[in-house]
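Each chain, written out:
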Amino acid sequence: MTQAVNPAAKHAMPAVDESRLINRLALRLMPLLGLLYLVAYIDRSNISFAKLQMLGSLGLSEVAYGLGASLFFIGYLLFEVPSNLLLHKFGAPRWIARIMLTWGIVTVLLAFTKNAPMFYVLRFLLGASEAGLFPGVIYYLTLWFPARQRVRMLGYFTLGSSLGNMVGAPICGFLLDRGGLLGLQGWQFVFIVTGVPSILLTAVVLRYLPVSPVKARFLSDDERMWLATTLEAERALAAQAESGKTSFISVITELRVIGMALYYMMLSISVYGVSYWLPTLVKGFGVSNTVNGLINIVPWLLATIVLIWVPSRLRAGNRVMIGMFITAMLGVASFLGSVFLPTNTLRFIALSLGAPCMYLLLPCFWTLPPKFLTGARAAAGIAAINSLGNVGGFIAQNLVPWVRQVSGSARAPMLIPATCLLTFGVITLILIRRSRDAGARGADSHGGQTAKGVA
């Protein structure tokens, strides 16, 4: 299908098969980007498995360990926006390669943690090292794909996180039971083995990740022109809604940016709370570390299947928002079931259904900020939303062990994602109603033309 010619375009729109071009771009870019996120999520989830042995090795309580683990998000918060601005300045390949190299090194160093203070410092440095990856990729995708295609691309990218949990769980569980080799404990093997891949991927990123469509040799001149014209037209439409303020401070203090960050925080608390606590819950079933890792595959396998199938069907209008609301409510029901159902089997089934709900919400959410953020504003604004929203990870990894300690129940912490997804769903419902009201006003003002976008 060929995009209609935009009157404001400087050049005539070339005849390009959009579907074929987008599929080629997806095949060229998304496997590598998804692999990067897969490795990142293995490096994030390893802490939940290492915990099963590190508590005793370092003499930490659940609450103290949760604090150390959560310091990752403080480093992430402080360095996210500067990192994303530097990505915008130096280009995605060079900056993402730097991110991969530094976080791989810090992950390996975690294997040689001697005490609690060293653990805290390295977790903080890990967050600072990884800061910029996720929002950087979100921004990078806006340089390649029209808005109507981004839900699908973000779904493919988010596959990396669910696959990371799915692949990382059995690997980490297996490594925990390999203690004694070379004088190292199992948790030390976890950090070494999961840290090395990101170091090795540094050279791959520099070699194979293209900077932009303009410099992409695998595209024809017509394809480059079509992309440039289409994306420029979208940026021009988004720019009409901007206030004219382009300073860094104006972007990160904009009410819509802060609101989106708080909105995303509800999802972040849910995702990190579940992924952090799930191995501990399964360990309570009385299984070995290896079996624990294998059982943990199930929720993330279901999440992967959902991410492959659903996002491509949510492309236009309010379909994305309506899908988000329904998914959030299903997640609430699932996590309530994981607390109150009578047997371990039923509770685990409920948890396994809740995980896909959370992960489907991620690509849907990240289609919203680019509706009002473009160019350098997008780089700063998306990074601000992600970094502030990821404070939810800090909250989750402290709140979950605290609820466990106060309640005396290993299941009670799953009330946290249930509550957060309920809040997320209510906010989504409000946004749907505002979008419909804006559409009705646009129809009245412009002779029946429907206003598009999220207010």
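Residues numbered from 1 in each chain as written. Predicted model: local features only at pLDDT ≥ 70, side-chain atom pairs only at ≥ 80, totals over all residues. Heavy atoms only, no water.

1. With respect to the overall build of the chain
Phase 1: Check the secondary structure of the chain and you find 17 helices and zero strands.
Phase 2: Within the chain, the fraction of its 455 residues that count as buried is 55%.
Phase 3: A sequence separation of at least 24 residues applies to 82% of the contacts in the chain between residues at least 6 apart.
Phase 4: Summing over all exposed atoms, the chain offers an accessible surface of approximately 18,500 Å²; the carbon and sulfur share of this is 67%. (Helix = DSSP H or I, 4+ residues; strand = E, 2+ residues; numbered from the N terminus. Buried < 20%, exposed > 50% of the residue type's maximum accessible area, 1.4 Å probe, protein only. Contact = heavy atoms within 4.5 Å. Areas by Shrake-Rupley, 256 points an atom, 1.4 Å probe, with all protein chains shown as cover.)

2. Some points on the environment of Ile-349
Phase 1: Note on placement: Ile-349 falls in helix H14 (residues 344-365).
Phase 2: Distance from Ile-349 to Ser-334, taken between C-alpha atoms, is 8.5 Å for residues 15 residues apart in sequence.

3. Quick word on the side chain of Ser-83
Phase 1: Structurally, Ser-83 can be placed in helix H2 (residues 62-90).
Phase 2: Classification of Ser-83 by relative accessible area gives buried; the value is 4%.
Phase 3: Ser-83 has contacts with Trp-95, Arg-98, Ile-99, Ala-131 and Gly-132, leaving out every residue within four places of it along the chain.

4. Focus: the pattern of salt bridges
Phase 1: Applying the stated criterion across every chain, the model contains four salt bridges.
Phase 2: Put simply, Glu-62 and Lys-51 hold a salt bridge, and the shortest N to O gap is 3.2 Å. With Glu-62 in helix H2 and Lys-51 in helix H1 (residues 18-58), the pair connects residues that are 11 residues apart, well separated along the chain.
Phase 3: A salt bridge links Arg-224 to Asp-221; the nearest nitrogen and oxygen atoms lie 2.6 Å apart. Of this pair, Arg-224 and Asp-221 both sit in helix H8 (residues 221-240), three residues apart, roughly one helical turn. (Salt bridge = Lys/Arg side-chain N within 4 Å of Asp/Glu carboxyl O.)

5. Some details on the nonpolar core
Phase 1: Core analysis: the largest hydrophobic core is formed by 134 residues, its most contacted members being Leu-33, Ile-96 and Met-324.
Phase 2: With 21 residues, H1 is the single largest residue contributor to this core.
Phase 3: Dropping the residues within four chain positions of it, Ile-96 is found in contact with Leu-36, Leu-87, Leu-133, Val-137, Val-205 and Leu-209. (Core = buried A, V, L, I, M, F, W, Y, C linked by side-chain atoms within 4.5 Å.)

6. A few points about the packing of aromatic side chains
Phase 1: Inspection of the entire model under this criterion finds 24 aromatic pairs.
Phase 2: Seen in terms of ring centroids, Phe-72 and Tyr-76 are 5.6 Å apart; in terms of plane orientation they differ by 35 degrees. Their pairing is tilted. With a gap of four residues between them, Phe-72 and Tyr-76 both fall in helix H2, about one helical turn apart.
Phase 3: The class for Phe-72 is buried, based on a relative accessible area of 2%.
Phase 4: Its relative accessible area of 1% is what places Tyr-76 among the buried residues. (Phe/Tyr/Trp six-rings, centres within 6.5 Å; stacked < 30°, edge-to-face > 60°.)

7. A short note on the packing of H1 against helix H10 (residues 255-283)
Phase 1: As a packed pair, H1 and H10 sit with axes 9 Å apart at the nearest point and diverge in direction by 35 degrees. Crossing hand, H1 versus H10: right-handed. Contacts between H1 and H10 involve Tyr-41, Arg-44, Ile-47, Ser-48, Phe-49, Lys-51 and Leu-52 from the former and Val-271, Tyr-272, Ser-275, Tyr-276, Trp-277, Pro-279, Thr-280 and Lys-283 from the latter. (Axes fitted to C-alpha atoms, helices over the stretch in contact; angles between N-to-C directions. Left-handed = near helix turned anticlockwise from the far one by under 90°.)

8. Remarks on helix H12 (residues 297-309)
Phase 1: Look at H12: 19 Å from first C-alpha to last across 13 residues, which is about the 18 Å you get at 1.5 Å a residue.
Phase 2: Along H12, the positions that sit buried rather than exposed are Pro-299, Trp-300, Ala-303, Thr-304 and Leu-307. Seen along its axis, H12 keeps its buried residues to an arc of 140 degrees; they face one direction. (Expected span 1.5 Å × (residues − 1). Arc of directions from axis to C-beta.)

9. With respect to a nonpolar patch on the surface
Phase 1: A cluster of nonpolar side chains, namely Val-298, Leu-301, Leu-302, Ile-305, Leu-341, Leu-346, Ile-349 and Leu-353, defines an oily patch on the protein surface of about 610 Å² accessible area.
Phase 2: Of all the secondary-structure elements, those providing two or more residues to the nonpolar patch are H12 and H14.
Phase 3: For the nonpolar patch, the element with the most residues is H12, which contributes four residues.
Phase 4: By secondary structure assignment, the location of Leu-353 is in helix H14.
Phase 5: What makes Leu-353 partly exposed here is its relative accessible area of 48%. (Patch = residues over 30% accessible without salt bridge, like charges linked within 9 Å, V, L, I, M, F, W, Y side chains within 5 Å.)

10. Concerning helix H3 (residues 92-109)
Structural remark: α-helix, 3.6 residues per turn; residues separated by three or four positions point the same way.
Phase 1: With 18 residues, H3 ought to run about 26 Å at 1.5 Å a step, and its terminal C-alpha atoms sit 26 Å apart, in line with that.
Phase 2: Within H3 the residues assigned to the buried category are Ala-92, Pro-93, Trp-95, Ile-96, Ala-97, Ile-99, Met-100, Trp-103, Gly-104, Val-106, Thr-107 and Val-108.
Phase 3: Buried positions along H3 lie against H1, H2, helix H4 (116-130), helix H5 (133-142) and helix H7 (186-208).

11. Here we look at the environment of Gly-91
Phase 1: Mapped onto the elements of the fold, Gly-91 is located in the loop between H2 and H3.
Phase 2: In this structure Gly-91 comes out as buried when scored by relative accessible area, which is 12%.
Phase 3: Between the alpha carbons of Gly-91 and Val-211 there is a distance of 6.0 Å; along the sequence they are 120 residues apart.

12. Some details on the packing of H2 against H10
Phase 1: Contact pair H2 / H10: the axes reach a minimum separation of 13 Å and the direction vectors enclose 135 degrees. Classed by the angle they form, the pair H2 and H10 counts as oblique. At the point where H2 passes H10, the crossing takes the right-handed sense. Contact residues: H2 offers Glu-62, Tyr-65, Gly-66, Ala-69 and Phe-73, while H10 offers Tyr-272, Tyr-276 and Trp-277.
Phase 2: By residue class, the composition of the contact of H2 with H10 is six nonpolar, one polar and one charged. (Parallel < 35°, antiparallel > 145°, perpendicular 65-115°, else oblique. Nonpolar A, V, L, I, M, F, W, Y, C, P; charged D, E, K, R; others polar.)

13. Thoughts on the confidence of the model for the chain
Phase 1: With 87% of its residues at a pLDDT of at least 70, the chain reaches an overall mean of 83.
Phase 2: Every residue in residues 448-455 scores below 50 in pLDDT, and together they form 14 contacts with partners more than four places removed in sequence or on other chains. (pLDDT = per-residue confidence, 0-100.)

14. Concerning the side chain of Ser-270
Phase 1: By the element assignment, Ser-270 lies in helix H10.
Phase 2: According to the relative accessible area criterion, Ser-270 is buried, its value standing at 0%.
Phase 3: If we ignore the near neighbours within four places in the chain, the residues touching Ser-270 are Met-358, Pro-417, Cys-420 and Leu-421.

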